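Take a look at the letters that make up each chain.
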Amino acid sequence: MNRIGPVLDRALINDSYACRAGKGTLAATARVHEHVRRFPWYAKMDVRAYFASIRHSILMERIRRRIKGDDVLALVGRIVAAHGEGSGQGLPIGALTSQCLANYYLDPLDRFLLEASATRGYVRYMDDFVFWTETRQDATRLVREAGEFLERTLALTAKASVQINRSARGITVCGYRILPGSIRLGRRRKRRYLESRRRCEAAYQAGTIDAAQLQRAHDAALAITAHAETRAWFRARALETSGVDWRDEV
C-alpha cells in the first residue's frame, strides 16, 4: 500500500470520495449539497455485488498501466488472485488493499460520465455514484449509457433500483438526507443512533458500565448525528418519549 496507494490515488478524479485522505463521507456530503443547490435533476446508481464482481484480469490490466516494477506487480497479483477460489473475480470486503483497488477499478466510469456533455455534477463513494443533469431526459439517457458502459468495459451490472428525481426533493447519500436548504439525518443514521443509545443505556441499567462510561457512550452515539440539522428530530423524539403528541406542540 505504501508503494501503490499514492500512485493509484493520484490517478483518481477529485470527486471520488471513498477511502482517500482528505475525502470521506463528510466531504462527499458537502459536495452533494453543493450540487443539489445548483442543478435541477439527479440520477443515483450503484453496482450489484460490487466487490464480488470485480474481474481480476481487468483489474490487473489497469494496474499495470500505472504501476511499474515486477516485484510489486507480482505481489499485487498474488493478493488479487488469492480471493475468489479460482473464479477470476472478486475482492475480499474489508481489506485495505481491496478498498484501494476497488476504488481505482471504477475510475473509467468516473471519466466516462464526466466527459458526457449532459453531466453537470458528479460524486462517487465507492460503488455508489450520483450525477446531475439539466433535464430528466438527460438523466434517463445517461443511466442507460452508464449501465452499458459498466457491462461493456468493466464486466459489472448496475442495480435496477436507480433513482431519478428533482434535486429539490432531496437525496440520501452517506447516511444523510440532503436537500437544497438543509442536511438532515437519513434513516440509517437515525437507526444507528437509536440502537447505540439503547445498547449503552441497557448496559448501564444492567450494571455492566458506570455513569462515566455511559456518558462516553452517549457522546459516541451523538457523534453519529453530527454535521446534520437534528434539533427538530431530537425534539420530536423527546416529546414521543414523554407521551406528548409532538404534532400538538408544533
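To be clear, the structure that these remarks concern was listed above.
Note that this is a predicted model, so its numbers are computed, not measured.

A. Geometry of the packing of helix H4 (residues 56-66) against helix H6 (residues 96-105). Here H4 crosses H6 at 90°, and the two axes come no closer than 10 Å. By the angle between their axes, H4 is roughly perpendicular relative to H6. Taking contact as the criterion, the partners of Ile58, Leu59, Arg62, Ile63 and Arg66 in H4 are, on H6, Leu101, Tyr104 and Tyr105. A breakdown of the residues in the contact of H4 with H6 according to their chemical character gives 6 nonpolar, no polar and 2 charged.

B. Representation of the pairing of strand E3 (residues 128-133) in the model. Taking burial as the measure, the 6 residues of E3 include 5 buried ones, the bulk of the element. Two elements, strand E1 (residues 41-46) and E3, share 6 bridges in a ladder whose sense is antiparallel. Across the sheet, tyrosine 42 pairs through a bridge with tryptophan 132, a residue of E3. Here strand E2 (residues 121-125) runs beside E3; their pairing, made up of 5 bridges, is antiparallel. Bridge pairing in E3 places valine 123 opposite valine 130. What sits between the antiparallel neighbours E2 and E3 is a turn of 2 residues, in which methionine 126 has the positive phi angle 55°.

C. Examining unusual backbone geometry more closely. The backbone of methionine 126 shows a phi angle near 55°, a positive value even though the residue is not glycine. Note that methionine 126 resides in the loop between E2 and E3. The backbone of histidine 227 shows a phi angle near 70°, a positive value even though the residue is not glycine. Its place among the elements puts histidine 227 in the loop between helix H10 (211-223) and helix H11 (231-242). Under the relative-accessibility criterion, histidine 227 is labelled exposed at 56%.

D. Fine view of the packing of aromatic side chains. Summed over all chains, the structure comprises 5 aromatic pairs. Measuring from ring centre to ring centre gives 5.6 Å for tyrosine 50 and phenylalanine 51, while their planes differ by 75°; the resulting arrangement is edge-to-face. For tyrosine 50, a relative accessible area of 3% corresponds to the buried category. Between the aromatic rings of tyrosine 193 and phenylalanine 234, the centroid separation amounts to 5.5 Å while the plane-to-plane angle is 75°, which identifies the pairing as edge-to-face. Of this pair, tyrosine 193 sits in helix H9 (residues 187-206) while phenylalanine 234 sits in helix H11; the two residues are 41 residues apart in sequence, bridging distant segments of the chain. Members of the aromatic cluster, each reached through a chain of ring pairs, are Tyr193, Trp233 and Phe234.

E. Just the nonpolar core, in detail. Of all hydrophobic cores here, the largest spans 45 residues; its most connected members are Tyr50, Ile63, Leu109, Phe129, Phe131 and Leu150. Tallying contributions element by element places helix H8 (residues 136-154) first for this core, with 7 residues. Residue contacts for leucine 150: discarding those within four places in its chain leaves Val47, Leu106, Leu109, Phe129, Ala155, Leu156 and Ala158. With 22 residues, the next largest nonpolar core counts Ala28, Val130, Tyr176 and Trp233 among its residues.

F. Seen up close, the sheet that holds strand E4 (residues 163-166). With antiparallel pairing, 4 strands are arranged side by side in an open sheet as E2-E3-E1-E4. Either end of the sheet is taken by a strand with one partner, and the two such strands are E2 and E4. When the angles between neighbouring strand axes are averaged without regard to direction, this sheet yields 15°. Along the sheet, H8 contacts E1, E3 and E4; its crossing angle with E3, the most-contacted strand, is approximately 145°.

What counts and what doesn't
Residues numbered from 1 in each chain as written. Predicted model: local features only at pLDDT ≥ 70, side-chain atom pairs only at ≥ 80, totals over all residues. Heavy atoms only, no water. Axes fitted to C-alpha atoms, helices over the stretch in contact; angles between N-to-C directions. Helix = DSSP H or I, 4+ residues; strand = E, 2+ residues; numbered from the N terminus. Parallel < 35°, antiparallel > 145°, perpendicular 65-115°, else oblique. Contact = heavy atoms within 4.5 Å. Nonpolar A, V, L, I, M, F, W, Y, C, P; charged D, E, K, R; others polar. Buried < 20%, exposed > 50% of the residue type's maximum accessible area, 1.4 Å probe, protein only. Pairing = 2+ DSSP bridges. Phe/Tyr/Trp six-rings, centres within 6.5 Å; stacked < 30°, edge-to-face > 60°. Core = buried A, V, L, I, M, F, W, Y, C linked by side-chain atoms within 4.5 Å.

By themselves, these figures tell us nothing about what the structure is for.
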